2 protein chains.
Amino acid sequence: MKVSGHHRITIKDVAAAAGVGVATVSRVLSGGSASPETRERVLAAAARLDYRPSALGRNLRQRRTGGIALLVPDITDTFYGRLTEGVLSCARSAGEPVMIGATGDDPELEAELIGTFLEQSVDRVIAVPCGDADTWTPALRAGLTVVFAHRRPPGRDDVPAVLSDDRLGVRTAVEYLAGLGHRRIAYLGGPGQGPRLRAFRDTLAALGITLDDELVVSARAARDSAYAAASGLFQHRPDLTAVLAGGNVLGEAAVLAARELDLRLPRDVSIVMFDDVPWAELCSPPLTVIAQPAQDIGYRAAELVMRESARRTRDTVLPTELLVRGSCGPRR
Amino acid sequence: MKVSGHHRITIKDVAAAAGVGVATVSRVLSGGSASPETRERVLAAAARLDYRPSALGRNLRQRRTGGIALLVPDITDTFYGRLTEGVLSCARSAGEPVMIGATGDDPELEAELIGTFLEQSVDRVIAVPCGDADTWTPALRAGLTVVFAHRRPPGRDDVPAVLSDDRLGVRTAVEYLAGLGHRRIAYLGGPGQGPRLRAFRDTLAALGITLDDELVVSARAARDSAYAAASGLFQHRPDLTAVLAGGNVLGEAAVLAARELDLRLPRDVSIVMFDDVPWAELCSPPLTVIAQPAQDIGYRAAELVMRESARRTRDTVLPTELLVRGSCGPRR
DNA sequence: AAACATGATGGAATCGTTTCCATGAAGGTC
DNA sequence: GACCTTCATGGAAACGATTCCATCATGTTT
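Not measured: the values here are computed from a predicted model.

**Student:** I tried to follow the overall build of chain A on my own but got confused; where do I start?
**Tutor:** Looking only at helices and strands, chain A features 13 helices and 12 strands. Its C-alpha atoms give chain A a radius of gyration of 26 Å, more than 25% over the compact-globule value 20 Å for 332 residues. Its C-alpha atoms put chain A at 85 × 40 × 35 Å along the principal axes. When each of the 332 residues of chain A is scored for burial, the buried share is 53%. Within chain A, residue pairs in contact and separated by at least 24 positions form 67% of the contacts whose partners lie at least 6 positions apart. Total accessible area computed for chain A in this model is approximately 14500 Å², and 51% of it derives from carbon and sulfur atoms. For chain A, the distance from the average site of its 40 positive side-chain charges to the average site of its 40 negative ones is 6 Å.

**Student:** Even after reading the chapter, I still don't get the protein's contact with DNA strand D, so can you show me in this structure?
**Tutor:** Lining the immediate surroundings of DNA strand D are 26 residues, of which Thr24(A), Arg27(A), Thr38(A), Ile11(B) and Arg61(B) lie closest. Among the atoms of DNA strand D close to the protein, meaning within 4 Å, 64% are from sugar or phosphate groups. Here a phosphate oxygen of DNA strand D and a side-chain polar atom of Ser33(A) are 3.2 Å apart. With respect to DNA strand D, the backbone of Ser35(A) contributes an N or O atom lying 3.1 Å from a phosphate oxygen. Elements with a contribution of two residues or more to the surface near DNA strand D: helix 2 (22-29) and helix 4 (55-62) of chain A together with helix 2 (22-29) and helix 4 (55-62) of chain B. Ranked by residues supplied to the surface near DNA strand D, first place goes to helix 4 of chain B with five residues.

**Student:** What should I look at first to understand the environment of Asn59(B) in this one?
**Tutor:** Assignment of secondary structure puts Asn59(B) in helix 4. Remark: the alpha-carbon pair of Asn59(B) and Val147(B), spanning 88 residues in sequence, is separated by 22 Å. Once residues within four sequence positions are removed from consideration, Asn59(B) is found in contact with Leu56(A), Gln120(A), Arg64(B) and Thr65(B).

**Student:** What should I look at first to understand helix 11 (residues 248-260) of chain B in this one?
**Tutor:** All names here are of chain B. For helix 11, with 13 residues, the first-to-last C-alpha span of 18 Å sits near the 18 Å given by 1.5 Å per residue. The complete set of buried residues in helix 11 reads Asn 248, Val 249, Leu 250, Gly 251, Glu 252, Ala 253, Ala 254, Val 255, Ala 257 and Ala 258. Of the residues one or two after helix 11, Asp 262 is the one with positive phi, at around 60°.

**Student:** Help me understand the pattern of salt bridges in this model?
**Tutor:** Pairing of side chains with opposite charge becomes possible as their charged atoms draw close. All names here are of chain A. Taken as a whole and judged by the stated rule, the model has 42 salt bridges over all chains. In this structure, the salt-bridge partner of Asp 275 is Arg 82, at a minimum N-O distance of 2.4 Å. Placement of the pair is Asp 275 in the loop between strand 9 (270-274) and helix 12 (279-282) and Arg 82 in helix 5 (residues 78-93), with a sequence separation of 193 residues. An identical accessibility class is assigned to Asp 275 and Arg 82; each is buried.

**Student:** I would appreciate a short explanation of the domain arrangement of chain A in the present structure.
**Tutor:** How large an interface is tends to be reported as the accessible area lost when its parts come together. Partitioning chain A into structural domains gives domain 1 (11-53), domain 2 (68-163 + 295-318) and domain 3 (166-292). Placing a centre on the C-alpha atoms of domain 1 of chain A and another on those of domain 2 of chain A gives a separation of 37 Å.

**Student:** Explanation requested: the sheet that holds strand 5 (residues 161-164) of chain A in the structure shown.
**Tutor:** Across a sheet, paired strands are connected by hydrogen bonds in the backbone, their directions being either parallel or antiparallel. Across the sheet, 12 strands lie side by side as 11(A)-5(A)-4(A)-3(A)-1(A)-2(A)-2(B)-1(B)-3(B)-4(B)-5(B)-11(B); this open sheet has mixed pairing. Each edge of the open sheet carries a strand with a single partner, namely strand 11 (316-318) of chain A together with strand 11 (316-318) of chain B. Each strand axis lies, on average, 20° off the axis of its neighbour in the sheet, ignoring direction. With three bridges joining them, strand 2 (residues 98-102) of chain A and strand 2 (residues 98-102) of chain B adopt antiparallel strand pairing. When the bridges of strand 2 of chain B are listed, Val98(A) appears paired with Ile100(B). Sitting on the sheet, helix 6 (residues 107-119) of chain A is in contact with strand 1 (68-72) and strand 2 of chain A, with an inclination near 170° to strand 1 of chain A.

**Student:** Looking at this model, I keep getting lost on the protein's contact with DNA strand C. Mind explaining?
**Tutor:** In the region of DNA strand C, 26 residues are neighbours, and Ile11(A), Arg61(A), Thr24(B), Arg27(B) and Thr38(B) sit closest. Atoms of DNA strand C within 4 Å of the protein belong to the sugar or the phosphate in 62% of instances, the rest to bases. With respect to DNA strand C, the side chain of Tyr51(A) contributes an N or O atom lying 2.8 Å from a phosphate oxygen. Between DNA strand C and Thr24(B) there is a distance of 2.5 Å, counted from a phosphate oxygen to a side-chain nitrogen or oxygen. Residue assignment for the surface near DNA strand C shows that the elements contributing at least two residues are helix 2 and helix 4 of chain A together with helix 2 and helix 4 of chain B. Grouping the constituent residues of the surface near DNA strand C by class yields nine nonpolar, 11 polar and six charged.

**Student:** Which parts of the structure should I look at to understand unusual backbone geometry?
**Tutor:** Most peptide bonds adopt trans geometry, and most residues besides glycine take a negative phi value. Residues and elements named next belong to chain A. Residue Pro 266 is reached from Leu 265 by a cis peptide bond, and omega for that bond is -5°. Relative to the assigned elements, Pro 266 resides in the loop between helix 11 (248-260) and strand 9. A cis amide bond links Ser 284 with the next residue in sequence, Pro 285, at an omega value of -5°. Tracing the backbone through its elements, the reader meets Pro 285 in the loop between helix 12 and strand 10 (288-291). One non-glycine residue with positive phi stands out, namely Asp 262, at about 65°.

**Student:** When you look at the UniProt feature "domain: HTH lacI-type" (unreviewed entry) in chain A in this model, what are you seeing that I'm missing?
**Tutor:** Taking the UniProt record as the reference, the feature "domain: HTH lacI-type" (unreviewed entry) is found at residues 9-62 of chain A. End C-alpha atoms of residues 9-62 of chain A are separated by 21 Å, and the span's content is 70% helix alongside 0% strand.

**Student:** Before we go on, may I ask you to explain the interface of chain A and chain B in this structure?
**Tutor:** Counting from both sides, the interface comprises 50 residues of chain A and, opposite them, 49 residues of chain B. Considering only the side of chain A, the residues that lose the most area to chain B are Leu56(A), Glu119(A) and Leu282(A), jointly responsible for 17% of the buried surface there. Across the contact surface, chain A and chain B share two salt bridges. Two residues, Arg52(B) and Glu119(A), come together in a salt bridge whose shortest N-O distance is 3.5 Å. Scanning the region where chain A abuts chain B turns up 15 residue pairs in polar contact (both at pLDDT 80 or more). Put simply, the parts of the chain that give the side of chain A that touches chain B at least two residues each are helix 4, helix 5, strand 2, helix 6, helix 11 and helix 12 of chain A. Of the residues that constitute the side of chain A that touches chain B, the class distribution is 19 nonpolar, 16 polar and 15 charged.

**Student:** Help me understand the nonpolar core, please; the structure alone is not making it clear to me.
**Tutor:** Within soluble globular proteins, side chains that are nonpolar generally end up buried alongside one another. Formed by 61 residues in total, the largest nonpolar core has its most connected members in Val243(A), Leu287(A) and Leu287(B). When neighbours within four sequence positions are excluded, Leu287(A) is seen to be in contact with Val255(A), Leu265(A), Met273(A), Trp279(A), Ala280(A), Leu323(A), Arg325(A) and Ser327(A). One finds Ala149(A), Leu88(B), Ile297(B) and Ala301(B) within the second-largest nonpolar core, a separate group that totals 52 residues.

**Student:** Would you mind showing me how to read the relation of the copies chain A and chain B here?
**Tutor:** Structural alignment of chain A on chain B gives an RMSD of 0.1 Å, achieved by rotating through 180° and translating 0.0 Å along the axis. One copy is carried onto the other by what is essentially a two-fold rotation axis. Considering only C-alpha atoms, the part of chain A nearest the rotation axis is Met99(A), at 2.1 Å. Here 98% of the contact residues of chain A are again contact residues in chain B; the copies associate through an equivalent surface.

Criteria and cut-off values
Residues numbered from 1 in each chain as written. Chains lettered and ligands numbered in written order. Predicted model: local features only at pLDDT ≥ 70, side-chain atom pairs only at ≥ 80, totals over all residues. Heavy atoms only, no water. Helix = DSSP H or I, 4+ residues; strand = E, 2+ residues; numbered from the N terminus. Rg over C-alpha atoms; globule rule 2.2 N^0.38 Å. Buried < 20%, exposed > 50% of the residue type's maximum accessible area, 1.4 Å probe, protein only. Contact = heavy atoms within 4.5 Å. Areas by Shrake-Rupley, 256 points an atom, 1.4 Å probe, with all protein chains shown as cover. Lys, Arg positive; Asp, Glu negative; His and termini not counted. Charge placed at Lys NZ, Arg CZ, Asp CG, Glu CD. Near = heavy atom within 4 Å. Polar contact = N/O pair within 3.5 Å; in protein donor to acceptor, adjacent residues only side chain to side chain. Expected span 1.5 Å × (residues − 1). Salt bridge = Lys/Arg side-chain N within 4 Å of Asp/Glu carboxyl O. Domains from an automatic or database assignment. Pairing = 2+ DSSP bridges. Axes fitted to C-alpha atoms, helices over the stretch in contact; angles between N-to-C directions. Nonpolar A, V, L, I, M, F, W, Y, C, P; charged D, E, K, R; others polar. UniProt positions renumbered as here; feature names shortened; annotations may be inferred. Buried area = accessible area lost by both parts, 1.4 Å probe. Core = buried A, V, L, I, M, F, W, Y, C linked by side-chain atoms within 4.5 Å. Least-squares fit on C-alpha atoms with pLDDT ≥ 70 in both.

Rendered as structure tokens:
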């Protein structure tokens, strides 16, 4: 038995210690067939030497890493934090390592990160995508199993997605605001919110409210951009009476901007925000929100991406819930 | 040239296409010496075939993965979210993939995740540790480069750490509260906050305030545990006049519990919270906080762990800042 | 012109595993 | 007892890169 120096214990050492061939050790350790007696000898030897199989060797041979790669726009946003937690908890129970990347909602960066993943021979990716459909073509052609979470690039219907029910969420919120008498309702959105915007338009149309294009603004992913958009909206159109914010960062910006301009909630302006976050209750007044099952989205996406059948699966749509708190009031 | 089926382009294909040996291709691609003419031929062939070297083969040969593993207690906590963002942004500029794991502040889970990393032959780890010093012995013996962030297990002084200046942060906050007249100041802490607690005790002692052990409570990492601790504290000791919360989750719990018990801020009770978060300004009154450079901690830790010299380096201590807002008032 | 230094080059070994295949022993059937 | 099936077993070939080393051509020195 070699003791000197830094010598990683390999399957060869175990084989030698147990007096068998490497093939047998491999078989025993990965649950193949072997006589009970041999199995015990191998197991004993492995335990005695404190043998840990190297993922490197295995991965090379099997030409896959078995891990999961996760791509989110911004890990600082608690929504994505919770989504990530969902992925991690599912991956953990399967013993799979998770690689993570933040795209900052930049398609170029996204493509680059996908490249890194390909290089690493990752074979499963969960992504909150920001690029267009073509961004994902190389990944798919390389045989990756991809699952989209939270949103999907328009036109990529060949990849399953786990989404929250944006359509119904928007409709419920807008109907709620309309029910309070609001007519000039603004939508403060972020990148990649096509479906929500469509739902916003459709709902207004169904309610017989004509859409005012100036009341639909869109910010980039960053906090300052969100604030600028919100502030601009309030200043440019002081006649609006309600805002639907398409995410917690945007909601935060809206509240901040309103406060800065001395608009009181809910007297001067009503706000509904997508995504329930802990501070929504701490805010004064507490914020009315559309809660999304962020963690569940992550968990299900992870489940899906680890199933063999991931390639051909229908989308999963999870329900949202309007939590009425104190940030909405009747039209002034 | 083989076209049929799913065939990963390997270095062999490039070598054949360029009419050179694999060794030459490898040399060219990793910046070794080669004649300009050959170099060009190889590069052209590689580009034409869209060749991407497999990290698997390289890693096995070099017996290291080159990635960074990151261990945080809870990715849902924005503090760790920002820390993670720091790590990611540094890793990205170096082109290194990042693996992430959430320990939930559970030493057992931590040990298990370290095991996973070892199996993957990760050779660099950044961790917000929760286990004791021994948890890290196997990792260090296996030759991993480890850097602690945010805190360190007591007694593991052979591993460099990137910390915020807890000692001064606590002192500044407590002195501020004492200056407002407070004497019965509570500390609401979480796991692994030994240094902060010591600083709390020391500062009180220096100020001539006798420490009341009942005013020091500690919660587990979860939100409900934090709330229970905060609520219990207020109910059990209605005579306290100020609370120092050791993290944003604990601060949130304190505000929530105070509100639930109809304690008004800052009239009935003053609160200072560790960690500045976006909602601290949205709270009413806005929260006075001790800001920590979470993102910078992550970035520096990543820088450190990628340097060769990481093993023998002094700790990095980053400054905190007391941001006085509206949650503290004179003793009632 | 012979000896030598230099530099480009390709073959082959290597990393640690899984897996294919050949071998041989044991047991069952006619 | 010959034959076939079943099963455990170990040697060796992958996987895709890096890197050692021998070879060979070229240019330099004496």
